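Overview (structure and organization)
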Amino acid sequence: MPSLDTLDWFLFSLSRIFCTPFAVFIQIQGCLICLALALGWALAAYVRNREIKQMNDAMRNGNSFPFLYHDINELEHSNQVNLPRVSVVMPLKGFGEHNLHNWRSQITSLYGGPLEFLFVVESTEDPAYHAVSRLILEFEDYVDAKIIVAGLSTTCSQKIHNQLVGVERMHKDTKYVLFLDDDVRLHPGSIGALTREMEKNPDIFIQTGYPLDLPSGSLGSYCIYEYHMPCSMGFATGGKTFFLWGGCMMMHADDFRQDRYGVVSGLKDGGYSDDMTLAAISGAHKRLITSPPVAVFPHPLASDLNFGRYWNYLRKQTFVLESYISNVNWMMNRALFGTHCYLSWGFVAPYFMALIHVAAGLRFYVNGYSVEETPYTFGGLSLVTILAICTLVELLSMWNLTRIEVKLCNMLSPEASQLSLASYNWGLVFVAILVDNFLYPLSAVRSHFSQSINWSGIRYYLKDGKIHKIERTQRSKDMDPVFTDLGGKHLYGKKGLPMRGSFLSSLSRTLAQWHQPKKFDC
């Protein structure tokens, strides 16, 4: 081989190192991770698509409302009057560009049974208080909705505090309580679908769902979409799951009234994450968590969601692994911590190696070296080809699941603006996959050593897995609004205005009047 200059020698040496048995193992492992993700998304797509087929079958059989019930006879008055009472508790913090649309989709549910909505805020100074107050005023004659001021949390996160205050104020006859985040955009039949499954199987401890992220175009929004996608396969089981999303959780109201399994004490006593705490309680007591196939909700991300806000979100997600309620829960979180970090960098490393192989191959090709003179580079390019094929299979599977979930959401909300895949940039999706998996271990390690996090303007400190100190920053009214979270909310200032009505809004009012023609009882 002719003498090599410094760059050629460097690339050749790295390419040779990346063809050693251990490096080949890392690259093959990356391919297997791609294929495993593709298989998981394919199975999730099968479950979601099965629901679409059932809805299409119902329409062919003359059912014009398959987004509510597969069997149109369930819409009979005799069935609707026997539906159980549900209380929807929504802990709020700040006001963002999509909140009013989300809240309207929640209170205009077409659930035929007794239903109340409890919007819970920290104080009247929260911008959400004014926006919700106006929305409630608009629907006061048709919807049983209240806004509750919970005050400041002292022993747990503000979200959990708001949830528990909402539970304390729910109707005495409530059978099921549904916790919703303010960034959840419900379908008209979502509450009915969740309640129906609870009625079918009383052994269900929690019913949950998962969001379908709608990226706004920024890299940060695509990173969040990519972060959620691997988890989505755990929620698309059509039944039992070990996963739980705090944005949508339906539970038995008596579990809170009686503090069954320690749900209230476990949350109140230093609880940071509602879903991780309840999932740990479920596992400890061998209780059932399920996710129906229709429980997938559009989640539009903020149009100005920058990379800094994505990083803050990732920090909050990795920080939950630092909270725990028992030694077993601690060990499970450590296992998740190690496994996720290993797989994340195990996924990214092969692409770095592939970049070196390609750079070396191009360099040697330009300089006229033969295959015999650069055997290691040729072998490396073979690995690159395999990785490229596996990556393409992975992206196609991700695209297919997203396509099916978009179609399902459009069918479940026939009157809403139709979602589309046209706005998805799959080049940015690929970049986001690499960025998110590279940053996850860094965020997890930082969370482990810091033991503190800023969540919506409140800093929480953990000790032995529980919140032991809470700091709030006092802000002047003259200061600029602070934005946080995925919806780009104003935490201070800016009050919201309600949006215009719709056909489903009018229909929901009619159902409310039909079921309860007089003012709602307390």
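Here goes a summary of the coordinates provided. (Residues numbered from 1 in each chain as written. Predicted model: local features only at pLDDT ≥ 70, side-chain atom pairs only at ≥ 80, totals over all residues. Heavy atoms only, no water.)

**Here's the deal with the packing of helix H8 (residues 219–235) against helix H12 (residues 307–319)**
Relative placement of two packed helices is described by the angle separating their axes and the distance separating the axes. Selection criterion: Only the contacting stretch of a helix is used when fitting its axis, a line to C-alpha atoms as for every element, and angles between N-to-C directions run 0 to 180 degrees. Helix and strand assignments come from DSSP, with helices taken as H or I runs of at least 4 residues and strands as E runs of at least 2, each series counted from the N terminus. Roughly parallel means an angle under 35 degrees; roughly antiparallel means over 145; roughly perpendicular covers 65 to 115; every other angle is labelled oblique. The sense of a crossing depends on the near helix, which, turned anticlockwise from the far helix by less than a right angle, makes the crossing left-handed and, turned clockwise, makes it right-handed. Throughout, a residue-residue contact means that at least one pair of heavy atoms, one from each residue, lies within 4.5 Å. Under this grouping Gly is polar, as are all residues other than the nonpolar Ala, Val, Leu, Ile, Met, Phe, Trp, Tyr, Cys and Pro and the charged Asp, Glu, Lys and Arg.
H12 packs onto H8 with a crossing angle of 25 degrees between their chain directions and a minimal axis gap of 7 Å. Judged by the inter-axis angle, H8 sits roughly parallel to H12. In this structure, the crossing between H8 and H12 has a hand that is left-handed. Contacts between H8 and H12 involve Leu-219, Gly-220, Cys-223, Ile-224, Tyr-227 and His-228 from the former and Phe-307, Tyr-310, Tyr-313, Leu-314 and Gln-317 from the latter. Of the residues that constitute the contact of H8 with H12, the class distribution is 8 nonpolar, 3 polar and no charged.

**Structural notes on unusual backbone geometry**
Threshold: The cut-offs for exposure are 20% and 50% of the maximum accessible area for each residue type, with area from a 1.4 Å probe on protein chains only; residues under the lower value are buried, those over the upper are exposed, and the others partly exposed.
Residue Lys-286 is not a glycine yet carries a positive backbone phi of 55 degrees. Judged by its relative accessible area of 72%, Lys-286 is exposed. Non-glycine residue Asp-464 carries a positive phi angle of around 55 degrees.

**Some thoughts on the packing of H12 against helix H15 (residues 426–450)**
Remark: H12 packs on H15, axes separated minimally by 8 Å, with the N-to-C direction vectors making an angle of 55 degrees. As the angle between them shows, H12 and H15 are arranged oblique. Remark: the crossing between H12 and H15 carries right-handed chirality. Across the interface between the two elements, Phe-307, Tyr-310, Trp-311, Leu-314, Arg-315, Thr-318 and Phe-319 of H12 pack against Val-435, Asp-436, Leu-439, Tyr-440, Leu-442, Ser-443, Ala-444, Arg-446, Ser-447 and Ser-450 of H15. For the contact of H12 with H15, the residue count by class is 10 nonpolar, 4 polar and 3 charged.

**So, the nonpolar core**
Rules: We define the nonpolar core as a collection of buried residues of types Ala, Val, Leu, Ile, Met, Phe, Trp, Tyr and Cys that are connected through side-chain atoms lying within 4.5 Å of one another. Domain extents, as shown, originate in an automatic or database domain assignment.
With 59 residues, the main nonpolar core has Leu-212, Tyr-310, Phe-347, Met-398, Val-429 and Tyr-440 as its most contacted residues. Mapped by element, the contributors of at least two residues to this core are helix H2 (21–60), strand S6 (210–214), H8, H12, helix H13 (327–366), helix H14 (375–412) and H15. Mapping this core onto the domain boundaries places at least three of its residues in each of domain 1 (4–31 + 336–468) and domain 2 (67–308). Leave out the neighbours within four places in its chain, and Leu-212 touches Val-296, Phe-297, Pro-298, His-299, Thr-402, Glu-405, Val-406, Cys-409 and Tyr-424. The next biggest cluster of nonpolar side chains, apart from the first, holds 37 residues, and it includes Val-88, Val-132, Tyr-176 and Ile-204.

**Focus on the side chain of Thr-195**
Keep this limit in mind: The definition of a polar contact used here is a pair of N or O atoms within 3.5 Å, where within protein one atom must be able to donate a hydrogen and the other to accept one, and adjacent residues in sequence count solely through side-chain atom pairs.
With respect to the helices and strands, Thr-195 occurs in helix H7 (residues 190–200). Of the polar contacts made by the side chain of Thr-195, one reaches the backbone oxygen of Ile-191; its length is 2.8 Å. Those residues within four positions of Thr-195 in sequence are excluded, and the remaining contacts are Pro-84, Val-86, Tyr-111, Tyr-176 and Met-250.

**Quick look at helix H1 (residues 6–17)**
Our working definition: To estimate how far a helix should reach, multiply one less than its number of residues by 1.5 Å. Arc, as used here, means the arc of the directions from the helix axis to the C-beta atoms.
Between its terminal C-alpha atoms H1 stretches 16 Å, which fits the 16 Å expected from 12 residues at 1.5 Å a residue. Along H1, the positions that sit buried rather than exposed are Asp-8, Leu-11, Phe-12, Leu-14 and Ser-15. Taken around the axis of H1, the buried residues stretch over an arc of 165 degrees, which confines them to a single face. Residues of H1 that are exposed and point over 90 degrees away from its buried face: Thr-6 and Trp-9.

**What about the sheet that holds strand S12 (residues 466–472)?**
The criterion, for reference: By definition, two strands form a pair when at least two bridges between them are found by DSSP.
Strand order in the open sheet formed by 3 strands is S10-S11-S12, with antiparallel pairing between adjacent strands. Every other strand in the sheet has two partners, leaving strand S10 (452–455) and S12 as the edge strands with one partner each. For this sheet, the mean inter-axis angle between neighbouring strands, taken without regard to orientation, is 25 degrees. Taken together, the 4 bridges between S10 and strand S11 (residues 458–463) define a ladder with antiparallel strand orientation. Each residue of the ladder has a partner; that of Ser-452, found in S11, is Tyr-461.

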